[in-house]
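Notes for the structure review
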Amino acid sequence: MNRSKIVVLDFGSQYAHLIAKRFRALGYYSEIALPSADLSVFEGAKGVVFSGGPSSVYEKDVPEFNSAILDLELPILGLCYGHQLMAYSYGGKVGKAEVGEFGFAELKLNENGKASPLFKGVSPKTQVWMSHQDGVLSLGEGFEVIGTTKDCPYAALQNLSKKRFSLQCHCEVKDTPEGNTIFKNFAEICGMEVNWDEDTVLNHILESIKKDSKDKNVLLFLSGGVDSTVAFALLNKALGQNRVLGLHIDNGFMRKNESKNVADAYKKFGFNNFIVEDASESFLNAIKGLTDPQKKRMAVGENFITVRDSVVKAQNLNEEEWMLAQGTLYPDIIESGGTKNSHTIKTHHNRVDGIQKLIAKGLIIEPLKDLYKDEVRAIGKKLGLDDKLVMRHPFPGPGLSINVLCSKGVLSEEDKKELEKAQKELDSIKISHFCEHCTATMQKYVLPVKSVGVQGDFRTYRFPAVLRFRKDEENGFCHFPKHWKKIEDESSNITNSAKLINRCVIALWQNPKIKDEDLRLQEGYCDRRRLDQLREVDNIVLNNLHESGWYGKIFQHLTIDLPFASSPERASFVLRPVCSEDVMTARFAQLDRNLLNKIVAEIAALPFVDALYFDATNKPPATFGWE
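Residues numbered from 1 in each chain as written. Predicted model: local features only at pLDDT ≥ 70, side-chain atom pairs only at ≥ 80, totals over all residues. Heavy atoms only, no water.

This paragraph deals with the sheet that holds strand β11 (residues 244-250). Read across the sheet, five strands follow the order β12-β11-β10-β13-β14 without closing on themselves; strand pairing throughout is parallel. Edge positions in the sheet fall to β12 (274-278) and β14 (364-365), since each has one partner strand and no second. Sheet strands touched by helix α7 (residues 258-269): β11 and β12. Its angle to β12, the strand with the most contacts, is close to 175°. (Pairing = 2+ DSSP bridges. Helix = DSSP H or I, 4+ residues; strand = E, 2+ residues; numbered from the N terminus. Contact = heavy atoms within 4.5 Å. Axes fitted to C-alpha atoms, helices over the stretch in contact; angles between N-to-C directions.)

This next bit is on the nonpolar core. Within soluble globular proteins, side chains that are nonpolar tend to cluster in buried spots. One finds Ile494, Leu545, Ile603 and Phe614 to be the most contacted residues of the largest nonpolar core, which totals 79 residues. Once residues within four sequence positions are removed from consideration, Ile494 is found in contact with Leu426, Ile429, Ile431, Ala465, Leu467, Ile501 and Cys504. Counting residues in each nonpolar core, the second largest holds 37 residues, with Leu222, Val230, Leu235 and Phe271 among its members. (Core = buried A, V, L, I, M, F, W, Y, C linked by side-chain atoms within 4.5 Å. Buried < 20%, exposed > 50% of the residue type's maximum accessible area, 1.4 Å probe, protein only.)

Turning to its location among the elements, Glu101 is positioned in strand β5 (residues 93-109). Despite being buried, Glu101 has no salt bridge partner; Lys150 is the closest side chain of opposite charge, sitting 6.9 Å away. Polar side-chain contacts of Glu101 include one of 2.7 Å to the side chain of His132. One polar contact links Glu101 to Thr149, side chain to side chain, over a distance of 2.8 Å. What Glu101 contacts, discounting residues up to four positions off in sequence, is Met130, Ser131, His132, Thr149, Asp151 and Cys152. (Lys, Arg positive; Asp, Glu negative; His and termini not counted. Salt bridge = Lys/Arg side-chain N within 4 Å of Asp/Glu carboxyl O. Polar contact = N/O pair within 3.5 Å; in protein donor to acceptor, adjacent residues only side chain to side chain.)

With that settled, consider the packing of helix α5 (residues 198-213) against helix α12 (residues 373-382). Where α5 meets α12, the axes come as close as 11 Å, and the angle between the chain directions of the two elements is 85°. Taken together, the axes of α5 and α12 are roughly perpendicular relative to one another. On α12, the residues that touch Glu198, Asp199, Val201 and Leu202 of α5 are Ala378, Ile379 and Lys382. Grouping the constituent residues of the contact of α5 with α12 by class yields four nonpolar, no polar and three charged. (Parallel < 35°, antiparallel > 145°, perpendicular 65-115°, else oblique. Nonpolar A, V, L, I, M, F, W, Y, C, P; charged D, E, K, R; others polar.)

Coordinates in, geometry out; function isn't part of it.
Here's what the structure looks like:
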């Protein structure tokens with residue numbers, strides 16, 4: 001594309017593409033490139049950004065970097081790994097920081113920082129988002145400090161004569177509120193003019209669909225979620241309904257009445273080119289007996305291909321004339337390790353081997369693969385889709401299957417040792433954010449189930465810590481601290497201080513008829529019985545969110561089913577409401593207390609529930625879901 005641009009070098013960060021997205025949202029065209037890129041890639045570039053990444057600059061196996069890029073007479077901004085690489089490349093020292101930072105920090109500008117063109121209009125003390133263990137230990141030649149945090153003395157650096165700037169924080173995430181101001185300032189330093197808007201994006205996608213589909217028709221998996229719905233609308237607009245067929249598969253992992261509601265919503269909007277296939281037994285058989293989260297996801301993803309093939313055959317569709325489309329977003333690709341330098345956080349169902357082979361053959365169309373959730377919603381609105389379709393909470397293809405944690409009922413010897421160490425870590429952490437009244441009756445313990453997380457661009461698979469405050473012995477309800485800020489601060493304190501813990505949950509209720517020691521890891525798989533139980537609990541939460549008006553205030557709610565109970569027929573559940581803009585970072589939602597109490601009371605009345613927890617962990621260090 002022949003236009004002025006800012007080039008973002010992707011060192012494998014979970015947030016690399018988000019940097020480019022931020023610049024585009026500000027009106028500045030931006031492209032992603034590999035750090036090993038030839039200098040010809042920078043033709044027309046006005047500036048360069050080095051992204052973060054999971055590597056350490058002093059290790060052997062680091063992303064290949066074309067150091068000649070540093071000789072370009074272009075402004076360069078380094079973020080996180082890019083910040084460390086900048087210092088390292090100019091003779092500075094980088095190593096393990098005394099204290100790693102994950103989550104919120106306060107960046108304080110010194111006098112040089114206040115005068116820096118990078119911080120024009122930025123508050124002298126500003127909130128930033130950190131995710132790092134390494135740090136700059138000494139300055140590179142010609143650089144000066146322009147900002148610090150409590151635990152990072154070299155948090156912001158610059159070399160004005162060379163127009164080199166670097167920050168340890170992630171400006172690209174929403175949780176750095178003044179990040180857009182910093183990016184806008186950098187664009188001005190680069191001499192960029194506004195040259196990008198939503199109309200340009202939409203037209204580019206529509207033209208790409210026409211080009212990629214050639215003369216073939218397109219079959220699209222329709223989960224009923226925002227992504228597949230917007231992809232469906234784009235395909236219909238670009239190719240017409242006669243060349244597009246939507247396939248909604250009831251895989252047995254849908255929410256209560258979900259498939260019927262999806263079909264009704266599509267018909268109401270005027271989509272008549274879709275079919276619904278009940279393949280629940282096929283999917284339940286595909287994951288029968290599986291406990292490993294990655295294997296479950298892969299089994300679900302591969303079975304989509306199997307069902308797709310059977311539908312193509314049943315509908316008498318000539319495979320030579322049909323391609324497959326998906327509503328894949330860029331975060332799906334990133335978390336699946338889909339860029340050269342990124343690490344796998346989890347394997348998405350739309351990146352399993354069967355799909356990868358079709359992609360390699362050029363038989364997959366993914367209209368949204370360069371976009372994030374908020375961009376997709378904006379495109380959906382531009383296409384005229386109803387808010388009920390566009391603003392629905394995300395609901396991925398594997399549905400509730402990834403919210404049912406599975407176990408054989410016993411921990412491996414390695415996990416037993418790790419659980420013991422995690423408990424010792426938790427015991428050693430001083431809980432100081434709550435009042436004496438709360439801490440006097442507080443218990444802290446580690447649940448014997450692991451969940452996925454992400455820290456410093458790496459995948460983690462660790463145990464969650466539980467804080468349980470005063471429990472009413474008659475009804476089982478637990479005291480819940482009044483101040484959300486204290487809960488968030490203590491959650492961050494625990495996950496930052498412990499190596500074997502990546503979540504912090506607050507106990508909401510425990511069945512008063514059972515003793516603490518009765519709750520233990522149970523054998524449990526993703527079968528119809530557990531899914532039906534989860535559907536009931538999940539439905540209570542969603543109904544209350546809708547009735548109270550809170551559904552539109554949060555990004556997503558996930559209800560997690562744990563095989564941690566007094567018997568295999570029973571279960572414990574975790575409430576996981578999150579607020580996010582782009583899926584790459586998130587904060588747990590601070591729900592209204594009356595609403596939360598109502599939800600807990602209704603779930604506690606169900607006959608199969610033993611305990612309820614509230615997940616009070618941000619992303620990072622935790623992901624949205626637990627698998």
